[in-house]
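Read off the chains here:
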Amino acid sequence: MGPHPAVAAIRLAVRRALHDVLADARSDARPEGAPLVLVACSGGADSMALASALAFEAPRAGVRAGGVTVDHGLQPGSDARAREVAERLAALGLDPVEEATVAVGRAGGPEAAARTARYAALDAAAERHRARAVLLGHTRDDQAETVLLGLARGSGTRSLSGMAAVSGGLSGAKDAAHRYRRPFLAIDRQTTRKACLVQALPVWDDPHNADPSFTRSRVRHEALPVLEKALGRGVVEALARTAQLSRDDADALDAWARDAQLAATRPDGTLEIAALHDLPPAVRRRVLRRAAIAAGAPAGSLFARHIEETDRLITAWRGQRPLNLPGRVEAKRQGGRLVLQQANQ
């Protein structure tokens, strides 16, 4: 008799992820033994299901498996809870297992600050242990929530593309381009919880996930249920499908924008207005966003309205004053050039 369908589903997803990790490892020139894959685990149902599947599949794939749990220090007893999670990971047979304690700042709000601190800790652990990949337990439900949040921000196709199945580390390390893997993006939250239940895996439900002061919590417990009531079941699946379609479109437009930016950039780093003017708006605005970020504007603080105002320097020039963008970046038109640079230069 085979495993419960929920357990079979999570194991298959992890098996496929490990297959991709091994394929990447074989394509590298550097020799090494069995690659190490870490799982980021909070102790919740999604990440505990992921940890259990990794512990089962890793020896069969010829991969070493370890785990990292991050203590954000935002709740009483969080240090003791992190120790409990680490003990559970070790009991599953994962090795190495690490507890990482982080200090959460304030930049970008509490959710963004916690995310930044968490990924910094995961990057550091991956680099310290020379891990090939870090598995994350984001599910199809998380993807749907991310798409709704992107829609509310009005930031364009890329914001609707949700989370990538494979993404790079935030540290910028050369070998971190495919560090983070999200095997569960096609699996719903109910399946991961069922997998934990049938395997008798203890799970911890983070109270922050139900706290209405957090935007994602309101989307999860208020916005999505209202949408499902009004539109019927299948909203989560449709939003996740939208993410994939939007990602395909955004990837193609980003590639076009990279080529267009190269063609429009002058030797002094400014942009040629004539080369930008006749581009499709979707491409031109991507070029402007890339150029603003390269000049020092923080990507998370650069909104659609900033890019639209910069775009008017090209398409609706009336002698406007220079624009002040996030990160003290100034955008101005000088003759037939667009200049984006730090305001104090």
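See the structure shown above.
In this convention, every chain numbers its residues from 1, walking through the sequence in written order. Given that the model is predicted, a residue must reach a pLDDT of at least 70 before its local features are reported, and side-chain atom pairs must reach 80 or more before they are shown or counted; all residues, however, enter totals for whole chains, interfaces and linings. Excluding hydrogens and water, the side-chain figures rest on all heavy atoms present in the structure.

Colleague: Give a detailed account of helix α3 (residues 78-91), specifying residues and quantitative values.
Modeller: An ideal rise of 1.5 Å per residue puts 20 Å on 14 residues; α3 measures up with 20 Å between its terminal C-alpha atoms. Only protein chains enter the accessibility calculation, which uses a 1.4 Å probe; a residue is then buried when its area is under 20% of its type maximum, exposed when over 50%, and partly exposed in between. Per the convention used, a helix needs a DSSP run of H or I reaching at least four residues, while a strand needs a run of E reaching at least two, with both numbered from the N terminus. Taken together, the buried positions of α3 are Ser78, Arg81, Ala82, Val85, Ala86 and Leu89. Each buried residue of α3 sits inside an arc of 140 degrees when the element is viewed along its axis, so together they form one side. Those residues of α3 that are exposed and aimed more than 90 degrees away from the buried face are Glu87 and Ala91. Residues count as neighbours in contact if any of their non-hydrogen atoms are within 4.5 Å of one another. In this structure, the buried side of α3 is in contact with α2 (45-61), β2 (64-71) and β3 (97-101). Downstream of α3 by one or two residues, Gly93 has phi in the positive range, about 100 degrees. Each helix should span, by expectation, one fewer than its residue count multiplied by 1.5 Å. Directions drawn from the helix axis to the C-beta atoms are what define this arc.

Colleague: For unusual backbone geometry, give the residues involved together with the corresponding values.
Modeller: Going from Asp95 to Pro96, the amide bond is cis rather than trans, its omega being 10 degrees. Here Pro96 is to be found in the loop between α3 and β3. Phi at Arg130 is positive, roughly 55 degrees, even though this residue is not glycine. Tracing the sequence through the fold places Arg130 in the loop between α4 (110-129) and β4 (133-135). A residue is classified by how much of its surface remains accessible, and Arg130, at 59% relative accessible area, is exposed. The backbone of Ala200 sits at a positive phi, close to 60 degrees, despite the residue not being glycine. By secondary structure assignment, the location of Ala200 is in the loop between α7 (189-198) and α8 (215-231). For Ala200, a relative accessible area of 62% translates into the label exposed.

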